[in-house]
Amino acid sequence: CANLANLMMARATVRAQEITVRLALGAGRLRLLRQWLTEGVVLAAIGGSVGVFVALWIKAGLIAFIPPDFKQNLSASFDWRLYAFIIVVSLLLGLAFSLFPAIRAARQVFSPSLQVESRSFTSAGRLLSLRSGLILVQVALSLPLLVSAALLLKTLQNLRSLDTGFGKENVLLASVNPALNGYQQERSTAFYDELLTKTRALPGVKFASLATDSPISGGWDQIGVVVEGYTPKQGERMSCDATWVSSDYFKALEIPFVTGRDFDDHDRIGAPKVVIINEKMAKHYFGTTDVLGKHIGFEDVPDTTIVGVVKDAQYVNLRESRRRHFYLPTTQEKQLTGLTLHVKTSTSPDLVAAQVQAQLKAIDPHLPLYNIKTLSTEIDQSLVQERLVTWLTVAFGVLATLLTALGLYGVLTFSVARRTREIGIRVALGAQRRDVFRLIMIRGVILVGAGVVIGLGASFALSRLMSSLLFGVAPNNVPTLVGVSAGLIAVALLACYIPARRATKVDPMVALRYE
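Residues numbered from 1 in each chain as written. Predicted model: local features only at pLDDT ≥ 70, side-chain atom pairs only at ≥ 80, totals over all residues. Heavy atoms only, no water.

Colleague: How should the overall build of the chain be read in this particular structure?
Modeller: Scanning the chain from terminus to terminus reveals 16 helices and 12 strands. Its C-alpha atoms give the chain a radius of gyration of 35 Å, clearly above 24 Å, the size a compact globule of 515 residues would have. Structurally, the chain occupies a C-alpha span of about 110 × 50 × 50 Å along its principal axes. Residues counted as buried form 43% of the 515 residues belonging to the chain. (Helix = DSSP H or I, 4+ residues; strand = E, 2+ residues; numbered from the N terminus. Rg over C-alpha atoms; globule rule 2.2 N^0.38 Å. Buried < 20%, exposed > 50% of the residue type's maximum accessible area, 1.4 Å probe, protein only.)

Colleague: What am I meant to see in the pattern of salt bridges here?
Modeller: Where charged atoms from two side chains of opposite charge come close, those side chains can pair. One pass over the structure, following the stated rule, counts 16 salt bridges. The residue Asp241 makes a salt bridge to Arg323 at a minimum N-O spacing of 2.9 Å. Of this pair, Asp241 sits in strand S5 (residues 239–245) while Arg323 sits in the loop between strand S9 (304–310) and strand S10 (325–329), placing them 82 residues apart in sequence. Relative accessible area serves as the criterion here: at 26%, Arg323 is assigned to the partly exposed category. One salt bridge in this structure joins Arg323 and Glu320, with 2.6 Å as the shortest N-O distance. One network of salt bridges, in which partners are shared, links Arg200, Asp248 and Lys251. (Salt bridge = Lys/Arg side-chain N within 4 Å of Asp/Glu carboxyl O.)

Colleague: Which parts of the structure should I look at to understand the confidence of the model for the chain?
Modeller: Should the pLDDT be low somewhere, the predicted coordinates at that spot are not to be read in detail. Across the chain, the average pLDDT comes to 84, with 93% of residues at 70 or higher. Note on residues 110–125: pLDDT under 50 across the span, and 22 contacts to partners over four residues away in sequence or across chains. (pLDDT = per-residue confidence, 0-100. Contact = heavy atoms within 4.5 Å.)

Colleague: Would you mind going over helix H15 (residues 478–503) with me for this structure?
Modeller: Residues lying three or four places apart along an α-helix face the same way, a consequence of the helix completing one turn every 3.6 residues. An ideal rise of 1.5 Å per residue puts 38 Å on 26 residues; H15 measures up with 37 Å between its terminal C-alpha atoms. Regarding H15, the residues found buried are Thr480, Leu481, Val484, Ser485, Leu488, Ala492, Ala495, Cys496, Pro499, Ala500 and Ala503. In this fold, the buried residues of H15 make contact with helix H6 (130–160), helix H12 (384–418), helix H13 (420–428) and helix H14 (433–465). (Expected span 1.5 Å × (residues − 1).)

Colleague: Sorry, what's going on with the packing of aromatic side chains here?
Modeller: By convention here, two paired aromatic rings are described through the distance between centres and the angle between planes. Within the structure shown, the criterion is met by 11 aromatic pairs. Look at Phe298 and Phe326: their rings are 5.1 Å apart centre to centre, the planes differ by 25 degrees, and that puts the pair in the stacked class. Of this pair, Phe298 sits in the loop between strand S8 (295–297) and S9 while Phe326 sits in strand S10, and the two are 28 residues apart along the sequence. A relative accessible area of 27% places Phe298 in the partly exposed class. If you follow Lys59 out to its NZ or CZ, it ends over the ring of Phe78, 4.8 Å from the centre. Sitting over the ring of Tyr183, Arg187 keeps its end group 3.8 Å from the ring centre. (Phe/Tyr/Trp six-rings, centres within 6.5 Å; stacked < 30°, edge-to-face > 60°. Lys NZ or Arg CZ within 6 Å of the ring centre and 35° of its normal.)

Colleague: I would appreciate a short explanation of the environment of Glu422 in the present structure.
Modeller: Note that Glu422 resides in helix H13. Of the residues examined, Glu422 reaches a relative accessible area of 10% and is grouped as buried.

Colleague: Explanation requested: the packing of H12 against H14 in the structure shown.
Modeller: Helix-helix packing is described using two parameters, namely the angle between the two axes and the distance between the axes. Where H12 contacts H14, the axes come no closer than 11 Å and their chain directions differ by 150 degrees. Between H12 and H14, the angle falls in the class roughly antiparallel. Judged by the twist between their axes, the crossing of H12 over H14 is right-handed. Of H14, the residues touching H12 (which contributes Leu408, Val411, Leu412, Ser415 and Val416) are Ile440, Arg443, Gly444, Leu447 and Val448. A class-by-class count of the residues in the contact of H12 with H14 yields seven nonpolar, two polar and one charged. (Axes fitted to C-alpha atoms, helices over the stretch in contact; angles between N-to-C directions. Parallel < 35°, antiparallel > 145°, perpendicular 65-115°, else oblique. Left-handed = near helix turned anticlockwise from the far one by under 90°. Nonpolar A, V, L, I, M, F, W, Y, C, P; charged D, E, K, R; others polar.)

Colleague: Honestly, the nonpolar core in this entry has me stumped. Any pointers?
Modeller: In a soluble, globular protein the nonpolar side chains are often hidden away together inside. Formed by 42 residues in total, the largest nonpolar core has its most connected members in Val176, Phe191, Val227, Ile277, Tyr285, Ile296 and Phe326. At five residues, helix H10 (residues 349–363) tops the list of elements feeding residues into this core. Once you skip the residues sitting within four places of it in the chain, Tyr285 turns out to touch Val225, Val227, Tyr230, Glu236, Met238, Cys240 and Arg324. With 29 residues, the next largest nonpolar core counts Ile135, Leu412, Met466 and Leu470 among its residues. (Core = buried A, V, L, I, M, F, W, Y, C linked by side-chain atoms within 4.5 Å.)

Below, the structure is given as structure tokens:
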């Protein structure tokens, strides 16, 4: 709108003689006002029509960006309300960006053409004008958007490079639930044993395990515990994250043992209860990782022996700090139904997935394998909100910068065109090309510099408001502010350079005959 207002005001200036003639021939000021408003509304209507097609294209891109699991409850259809909104906004904006130029044109005072020319000769070089003010505001508004985009990009980079404590590459996840086909507990146990045995024998499979949850899936059970020799503090919650896993789970996810052993075939129902805990849980309750043989429990009796301690890993999501976590063997639990295969592969996980499906079909053709994906994909899906917000902000920031550069280019180009005679006289009187270049560039530099200073203040305020969206980066990160400001200044100065360069090529003889 700022750019369009600038263009409308530029047209009003160019058409000053035409308006003077119209007024001299008896045209009413209301008629002139109506003409300018009509032109503005027509421009807005065309822009709104194009905007509908752009919106359809953007909608398709955004939906393609969202993972399939997130689309189930998403309604993105266009209806009459959206089109009505676009029409109303277009008309209002058309009136808004053409109103001031229309009033300005309608107030045009009749004057000889020489006076019009002399006014254009002097006023085009003014630094403080509404057109310049609109550009200054655009620069000031572009900077907070760019700073926000840079901070969100840094956040996304930090989340993706975060050390999760487990291996993410070449890990296939696939869920299966024999209870869907009426399996009882004993038959389910036999089914899982057979599935694991056949999966581990597949070519390209290094390790295979079963677990109730996969990392970064967002769904974890919390269970209250009692710890041998530990007295809870007043008001302390004695609950920790729990996962039921089979043997080789820690090998499949590359979670190293600090001490102790993995679960094995001896850990069955009827055998002594065993548990593996993470470092954070061991240090919180025992003050050390030397806890083998100690006991915890889940029903007020510490009857489960700690047989291993593993390194901490990220479980619920990437933003949360690592939590107290323990692992129980699936082979000692009677009530487990749906479990997720965790398969560490040496080849493409997609090839192994097809082989696992074939194995499952051979065991029971009526049981489906669902939620088939890699662990890397699951982590990417957990960041879908961050990625969507980040790339939208980047798109808005880049678009705002391009529009600002376009507006600045337009204002300076118009200024050069209106000052052609002045530039020709300066050159004829001995001004060098560098003097003309500096004359035009100084105006752009002052506008950009003032806009950046105002934009930095807005960026400080906005970055503090969005601190909850950031991770691993300070809201007012000085290198980010400096880098983004320098980038915006560089783009803006490039927009200034082209009309300034054009001004240096003005031929004095041609300029003196201009208009």
